[in-house]
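The primary structure of each chain is shown beneath.
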2 protein chains.
Amino acid sequence: MVNENQHTCSASSSSKSDGGSSSGSESSKDSSRCSTPVLDAERHERLREKMRRRQDSGDRWFSLEFFPPRTANAAVNLISRFDRMAAGGPLFIDVTWHPAGDPGSDKETSSMIIANTAVNYCGLETILHMTCCNQTKDDITGHLQKAKRLGLKNIMALRGDPVGEEWEEEVHGFNHAVDLVKHIRSEFDDYFDICVAGYPKGHPEAESYEADLKHLKEKVLAGADFIITQLFFRPETFLKFMKDCQAIGITCPIIPGIFPIQGYHSLRQLVKLSKLEVPQEIKDVIEPIKDNDAAIRNYGVELAVSMCRELLDSGLVHGLHFYTLNREVATTEVLKRLGIWNEDPRRPLPWAVSAHPKRRVEDVRPIFWASRPKSYIYRTQEWDDFPNGRWGNSSSPAFGELKDYYLFYLKSKSPREELLKMWGEELTGEESVFEVFTCYITGEPNKNGHRVTCMPWNDDPLATETSLLKEQLEKVNRRGILTINSQPNINGKPSTDPIFGWGPSGGYVFQKAYLEFFTSSEIVTALLKVLKKYELRVNYHIVNVKGQNITNAPDLQPNAVTWGIFPGREIIQPTVVDPVSFLSWKDEAFALWIEQWAKLYEEESPSRMIIQYIHDNYYLVNLVDNDFPLENCLWQVVDDTFELLNSPPQQ
Amino acid sequence: MVNENQHTCSASSSSKSDGGSSSGSESSKDSSRCSTPVLDAERHERLREKMRRRQDSGDRWFSLEFFPPRTANAAVNLISRFDRMAAGGPLFIDVTWHPAGDPGSDKETSSMIIANTAVNYCGLETILHMTCCNQTKDDITGHLQKAKRLGLKNIMALRGDPVGEEWEEEVHGFNHAVDLVKHIRSEFDDYFDICVAGYPKGHPEAESYEADLKHLKEKVLAGADFIITQLFFRPETFLKFMKDCQAIGITCPIIPGIFPIQGYHSLRQLVKLSKLEVPQEIKDVIEPIKDNDAAIRNYGVELAVSMCRELLDSGLVHGLHFYTLNREVATTEVLKRLGIWNEDPRRPLPWAVSAHPKRRVEDVRPIFWASRPKSYIYRTQEWDDFPNGRWGNSSSPAFGELKDYYLFYLKSKSPREELLKMWGEELTGEESVFEVFTCYITGEPNKNGHRVTCMPWNDDPLATETSLLKEQLEKVNRRGILTINSQPNINGKPSTDPIFGWGPSGGYVFQKAYLEFFTSSEIVTALLKVLKKYELRVNYHIVNVKGQNITNAPDLQPNAVTWGIFPGREIIQPTVVDPVSFLSWKDEAFALWIEQWAKLYEEESPSRMIIQYIHDNYYLVNLVDNDFPLENCLWQVVDDTFELLNSPPQQ
């Protein structure tokens, strides 16, 4: 293949890169440098640019619509669903705006906070819906300012359903979506990408289909960037609408809204709300099977797949928008059958990136939060800018207080009963705790037959690369080296390696072996003796809950433990062992013993006192083997430690 | 060995590193981080701290005194001598102050500018002498401000010799060195380290030896940090003086001034100036051999070695200060025989560091100036701060104008006649130029029997690692690929490797293969065709004198081509191919054809027109092979290019 990237620049050393991509972005600095120092260009583009790039490249895409949940538990489940569906590679998701549900509030179930979670914690490009009728200018401006502050970059501007039967236009008020579009553009200039709704059959309240098309054109002229349509049942409905739009000069992207029928009742409800009519041929199929959910869903998937195929084959449609009703199965199946569910194993960085604009240049994090990325994002959300290249260059990182926690700290995703089954209804000693750690590593059921699928220190199941260390990890956990984080050493694997790879192709990735664990002071004493003979080959930080800190690091510099070398780039070092933030992590890591584990048991109960004892007396240890080209020596360190403990005391 | 570095920190995450070293330094920022992000702690210490560290560790050291030269040519020679003597590892050098020679001016021979060159361009810790008698406060303050601005951190405060026979004290003037010490401390606080002179036999003008000791104590009390003594001829003179100083409470370091006798006349002159008496036993040896320079020098070396041994063996002396008289041989021999000439092959970074305080954190440079480091330092001297870790983070680097050049640009170190012998009295075509490049690479004499030991693009002879590429370089230069910079690829050699290593031990260093050359547009056309098939494996930047720039780099990011991984550190990437500064280098690289080479010949002469033609029509090319773990493909690229040129044109 010929490299098409070759280009000719002007002679001036202050010339802008002609590949510059983030025009109009608030974070692009005035510099001769290209504003994309990180690895993936798309991370720096706004949604309308991503859409254009996909259209130009011919890559088909999809997006997913969700509504805000009613309860905190439902919110936790929805966020897990975001993470799972993010794996398929949606171009964006959107979150609807429910005026009755206090949508702009700080409640964990509000539209605003759910959209905030999607963009910041799940790394999803997100559109927040917003309706305007019956609201003051100040309220709306306040919502928009808050959305901007939270890192939201896209608004779906809607009129919303009027309250009460008889609705009258307010003079100087927000009576139509176009008023909201104008308001956003006048108050926030080009900051937001704006989406508006299109009605393939015309808005039910419009005078006519033609009049509605004119309203749509007004919204686009007022500054909307693209259109998502209301659901429809026949592909020709959309294709005619699209041609009619083009005929009156609407040139922006128009994305068909796809509703896979998932059940009789949800269909009836949606149809009622949207004032649409279900075609007779669909009614004929559904009515006879209306009590058979599985049959209806199968039919819905078939219907959606065939409609989507027809749309895509027309050549006019590049992306499909799915009304998921917060469900997963039907939409995922349609996408898989269409071949646009794209589980790309490549990662831009070893950790999941956030989509907040100010985090676009973030390219280094301490390794400690590797299994609790959401907690890390939460505790660093107030940072003004993110360490870019050198961690040590940033001023001392101030981490959010533990008491601030909301969704990612105090609550385990699993209910108490399930946790007790996994972590033990009753603990008989420290060995019971060793057993829990061991079962988590091995995947074997505990003595009551339950598998341990999560631990307080892990948002997610064991990573593949950790599984590679399973045998050694099992051995040491059984003896009271309670591991919570580890990685093997890697001496230059291709960046496309399915397990260790990250970043663009053509590069090489490296790791230093890392091991982090809780253990008793007796083991720490022996460990320190053993570590002396490894000198600077092994860097260690050993700390207890009171903050007593033992280290051989010569100063407070971070130790890079994951890095990558890529064509035409500076070196990227996305993971470091940072001695300063280790002390913040220490507070969190020790608190999790109490908050997630000890509190499962009655106060004063023996089980609780065992966890409390560990919390009060154990040390948190991290070890780095700096000699990454040699065989990982950390297992030898641990073996030597146990051997020293077992040897008779010297006189 | 046991690592003694283990220490216990406080629990607070904002605690200062207890290894912090640059207290009182103007550049230490208020941060919880240790202020030594670069690799060698000593680079961050002030002179008195370095002295203390050596005293504590028991490592013996030496320092060297020079006087300013009389002519610009002598300045060039002196700077070369600095570089050569820097190899032995002096703790510092000092430059004397000659009131009659306009010592604070911008002349290339002034004390100020010679000290500036030593600190900035030779990377030497430097003390600038300064005398105060017959000068106004304002003049002195002006000199000190200028010294500070140039990066000088140490002053030797002297009275100086009064002008005229009869000298009278001025009321409120600077009458004694102590006045200057007080002035420096009052105007510049703790910024400068201050040295004062001690007289082992008493100052010739002092009322008595005891009175002179009291004056010395006054200077120390006024703020002097250490003492260097006047020369003396017997070790017991110094040892007695030292004990007498200690007896009256002088506790700062006292460094003996050593004068190796190098000739009869220089001895007589110095003795006259310093009003010292040469002991009879020395006179007895010297007088009979006074016309035999070699014999006197041998005797001088013997005498100095034996005296220094006695001083060091006393246990009271840790460092020796040498009055070199700007000569090299005798002092070097004494130091080598004492075993304190320490040619340490280890480099803190792949390039020679500057000793200016604001450059202490400098840890990355573009590769282009690798063979012209002084030019790079000169052209970046106005930068406020230095790229620290990420080159790309700095704002667009503005390089000093070429016309600003003085010592490092227009002048070659060699005289015109010598250059003509090396580069050709008469050129007959481009091939004559190819021949010059080839002879420089191979070390073979040219057709007139002269070796080519320098080129306009190289401050120094060919580096050892370049020699390793000699065979390939010879082949391509012969055919018109005129190489000026190259490095082989390295996939993880120990940081102690004698050729490629740099930084502290225990690390690993890496390189991407790099090749930079001038070549004709015909070769560039073929090269571009060949490069297409290498895609992103090879990054290239190709530019002509007019600034036409062809590259396959996707944006203006730097490409790291040398990096190192060390225990407990972030990754250091000291050398990058930076597309923006390449355009500044291009101007310099092309201008050198004209300024250093073409101008050797008469205007309108054929030789001059050949160089002018190359300057106007050739391209400057740089190539990076990003696949550093594989065999360097750049030679294959060049071979393919020649093959393409030799193949019959396709119809």
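Residues numbered from 1 in each chain as written. Chains lettered and ligands numbered in written order. Predicted model: local features only at pLDDT ≥ 70, side-chain atom pairs only at ≥ 80, totals over all residues. Heavy atoms only, no water.

Trainee: I'm lost on the overall build of chain A in this one. Help?
Mentor: When helices and strands are tallied, chain A shows 20 helices and 19 strands. Residue burial in chain A is summarised as follows: out of 651 residues, 59% are buried. A fraction of 73% describes how many contacts in chain A between residues 6 or more apart in sequence connect residues 24 or more apart. For chain A, the accessible area works out to roughly 27,900 Å², and carbon and sulfur atoms hold 48% of it. (Helix = DSSP H or I, 4+ residues; strand = E, 2+ residues; numbered from the N terminus. Buried < 20%, exposed > 50% of the residue type's maximum accessible area, 1.4 Å probe, protein only. Contact = heavy atoms within 4.5 Å. Areas by Shrake-Rupley, 256 points an atom, 1.4 Å probe, with all protein chains shown as cover.)

Trainee: Is there a simple way to explain the sheet that holds strand 9 (residues 319-323) of chain B in this structure?
Mentor: The strands making up a sheet associate through hydrogen bonds between their backbones, and the pairing can be parallel or antiparallel. Residues and elements named next belong to chain B. The 8 strands lie next to each other as 2-3-4-5-6-7-8-9, forming a closed barrel whose pairing is parallel. Looking at each pair of strands side by side, their axes are set apart by 30° on average, direction ignored. In terms of strand pairing, strand 4 (residues 126-131) meets strand 5 (residues 154-158) through 5 bridges, oriented parallel. Counted as the bridge partner of I127 is N154 from strand 5. Across the sheet, helix 6 (residues 209-221) is in contact with strand 6 (193-198) and strand 7 (226-231); its angle to strand 6 comes to roughly 180°. Each of strand 6, strand 7 and strand 8 (254-258) is contacted by helix 7 (residues 235-247), which is oriented at about 160° to strand 8, the strand it contacts most. (Pairing = 2+ DSSP bridges. Axes fitted to C-alpha atoms, helices over the stretch in contact; angles between N-to-C directions.)

Trainee: How should I be thinking about the pattern of salt bridges in this particular structure?
Mentor: Side chains bearing opposite charge may pair, as long as their charged atoms lie close to each other. For the coordinates displayed, the defined rule picks out 56 salt bridges over all chains. Residues E328 of chain A and R84 of chain A are paired through a salt bridge, measuring 2.8 Å at the closest nitrogen-oxygen approach. One end of the pair, E328 of chain A, is in the loop between strand 9 (319-323) and helix 11 (329-338); the other, R84 of chain A, is in helix 2 (residues 72-86), with 244 residues separating them in the sequence. The class for E328 of chain A is buried, based on a relative accessible area of 19%. Residue classification places R84 of chain A among the partly exposed positions, given a relative accessible area of 43%. Ionic pairing is found between R159 of chain B and E205 of chain B, a salt bridge with its closest N-O pair at 3.1 Å. With R159 of chain B in the loop between strand 5 and helix 5 (177-188) and E205 of chain B in the loop between strand 6 and helix 6, this pair connects stretches of sequence that are 46 residues apart. (Salt bridge = Lys/Arg side-chain N within 4 Å of Asp/Glu carboxyl O.)

Trainee: Which parts of the structure should I look at to understand unusual backbone geometry?
Mentor: The phi angle of most residues is negative, glycine excepted, and most peptide bonds adopt the trans form. All names here are of chain A. Despite not being glycine, N134 has its phi angle at roughly 65°, a positive value. Following the sequence through the fold, N134 ends up in the loop between strand 4 (126-131) and helix 4 (137-149). Even without a glycine there, the phi angle at K275 is positive, about 55°.

Trainee: Sorry if this is basic, but what is going on with the side chain of R46 of chain B here?
Mentor: All names here are of chain B. Along the chain, R46 falls in the loop between strand 1 (7-9) and helix 1 (47-57). Looking at R46, its side chain comes within polar contact range of the main-chain oxygen of Y191, at 3.1 Å. A distance of 3.5 Å separates a polar atom in the side chain of R46 from the backbone oxygen of F192. (Polar contact = N/O pair within 3.5 Å; in protein donor to acceptor, adjacent residues only side chain to side chain.)

Trainee: Looking at this structure, I do not really get the sheet that holds strand 10 (residues 365-366) of chain A. What am I missing?
Mentor: Taken together, 5 strands build an open sheet; the order of strands is 10-18-17-13-12 (chain A) and the sheet is mixed. Of all strands in the sheet, those with a lone pairing partner are strand 10 and strand 12 (490-494) of chain A, marking the two edges.

Trainee: What should I look at first to understand the packing of aromatic side chains in this one?
Mentor: The geometry of an aromatic ring pair is captured by two quantities: the separation of the ring centres and the angle between the planes. Residue and element names in this part refer to chain A. This model, assessed by the stated rule, comprises 57 aromatic pairs over all chains. Centre to centre, the rings of F518 and W593 are 5.1 Å apart; their planes meet at 70°, and the pair counts as edge-to-face. Residue F518 is found in strand 14 (residues 513-519), and its partner W593 is found in helix 18 (residues 579-597); the two are separated by 75 residues along the sequence. Since its relative accessible area comes to 0%, F518 is described here as buried. (Phe/Tyr/Trp six-rings, centres within 6.5 Å; stacked < 30°, edge-to-face > 60°.)

Trainee: So what exactly am I meant to see when it comes to the packing of helix 18 of chain A against helix 19 (residues 606-617) of chain A here?
Mentor: For any two helices packed against each other, the geometry is given by the interaxial angle and the distance between the axes. All names here are of chain A. The interhelical angle for the contact between helix 18 and helix 19, taken along N-to-C directions, is 170°, at an axis separation of 9 Å. Compared by their axis directions, helix 18 and helix 19 come out roughly antiparallel. Residues F590, W593, I594 and W597 of helix 18 form the contact with helix 19, whose participating residues are I611, Q612, I614 and H615. When its residues are assigned to classes, the contact of helix 18 with helix 19 shows 6 nonpolar, 2 polar and no charged. (Parallel < 35°, antiparallel > 145°, perpendicular 65-115°, else oblique. Nonpolar A, V, L, I, M, F, W, Y, C, P; charged D, E, K, R; others polar.)

Trainee: What exactly am I supposed to notice about helix 16 (residues 470-478) of chain A here?
Mentor: Each full turn of the α-helix corresponds to 3.6 residues, which orients residues three or four apart in the same direction. All names here are of chain A. When helix 16 is considered as a whole, its buried residues turn out to be L473, V476 and N477. In a view along the axis of helix 16, the buried residues occupy a sector of 100°, so they form one face of it. Two residues or fewer after helix 16 comes G480, characterised by a positive phi angle close to 100°. (Arc of directions from axis to C-beta.)

Trainee: What exactly am I supposed to notice about helix 20 (residues 634-646) of chain B here?
Mentor: Residues and elements named next belong to chain B. The terminal C-alpha atoms of helix 20 lie 19 Å apart, and with 13 residues this matches the ideal 18 Å at 1.5 Å per residue to within 8%. When helix 20 is considered as a whole, its buried residues turn out to be L634, W635, V637, V638, D640, T641 and F642. Turning to helix 20, the residues buried within the fold contact helix 16 (470-478), strand 14 (513-519), helix 17 (521-532), strand 15 (538-544) and strand 19 (619-625). (Expected span 1.5 Å × (residues − 1).)

Trainee: Is there a simple way to think about the state of the cysteines in this case?
Mentor: Enumeration over the complete set of coordinates arrives at 0 disulfides over all chains. Cysteine C252 of chain A is unpaired, with the sulfur of C245 of chain A as its nearest cysteine sulfur at 8.1 Å. With no disulfide partner, C132 of chain B has as its closest neighbouring cysteine sulfur the one in C133 of chain B, 6.3 Å distant. (Disulfide = S-S within 2.5 Å.)

Trainee: Could you clarify how one ought to interpret the pairing of strand 13 (residues 508-511) of chain A in this entry?
Mentor: Strand residues, when the strand is regular, have side chains that alternate between the two faces of the sheet. All names here are of chain A. Across the two faces of strand 13 the burial is the same, with Y508 and F510 and V509 and Q511 all buried. Two elements, strand 12 and strand 13, share 4 bridges in a ladder whose sense is antiparallel. Bridged to I490 within strand 13 is Q511. Note that strand 13 and strand 17 (residues 559-565) share 4 bridges and pair antiparallel. In the sheet register, V509 faces strand 17, and the bridge partner there is G564.

Trainee: What exactly am I supposed to notice about the packing of helix 6 (residues 209-221) of chain A against helix 7 (residues 235-247) of chain A here?
Mentor: Residues and elements named next belong to chain A. Where helix 6 contacts helix 7, the two axes come as close as 10 Å, and the packing angle between them is 60°. With respect to each other, helix 6 and helix 7 are oriented oblique. For the pair helix 6 and helix 7, the sense of crossing is right-handed. In contact with Y209, L213 and L216 of helix 6, helix 7 contributes K240, F241, D244 and C245. Looking at the contact of helix 6 with helix 7 residue by residue, the class counts come to 5 nonpolar, no polar and 2 charged. (Left-handed = near helix turned anticlockwise from the far one by under 90°.)

Trainee: What is the right way to look at the nonpolar core in this model?
Mentor: In summary, soluble globular proteins display a tendency toward joint burial of nonpolar side chains. Residue and element names in this part refer to chain B. By size, the foremost hydrophobic cluster in this structure holds 75 residues, and its most contacted members are W423, V433, W457, F518, W593 and W597. Broken down by element, this core gets its largest block of residues, 9 residues, from helix 18 (residues 579-597). Among residues more than four places away in sequence, those in contact with W597 are W423, L427, V433, V436, F437, M455, P456, W457, L592 and I611. F62, L78, A157 and W341 belong to the second-largest nonpolar core, a separate cluster that totals 71 residues. (Core = buried A, V, L, I, M, F, W, Y, C linked by side-chain atoms within 4.5 Å.)

Trainee: I'm lost on the environment of V538 of chain B in this one. Help?
Mentor: All names here are of chain B. Topologically, V538 is positioned in strand 15. Owing to a relative accessible area of 0%, V538 belongs among the buried residues under this scheme. For the pair V538 and N626, spaced 88 residues apart in the sequence, the C-alpha separation amounts to 6.0 Å. When neighbours within four sequence positions are excluded, V538 is seen to be in contact with L531, N552, L623, V624, N626, C633, L634 and V637.

Trainee: Any chance you could explain the confidence of the model for chain A here in plain terms?
Mentor: Low pLDDT marks stretches whose predicted atomic positions should not be read closely. Residue and element names in this part refer to chain A. Across chain A, the average pLDDT comes to 87, with 88% of residues at 70 or higher. Throughout residues 1-38 the model reports pLDDT below 50, and contacts reaching past four residues in sequence, or to other chains, amount to 90 contacts. Complex prediction metrics read pTM 0.84 and ipTM 0.81. (pLDDT = per-residue confidence, 0-100.)

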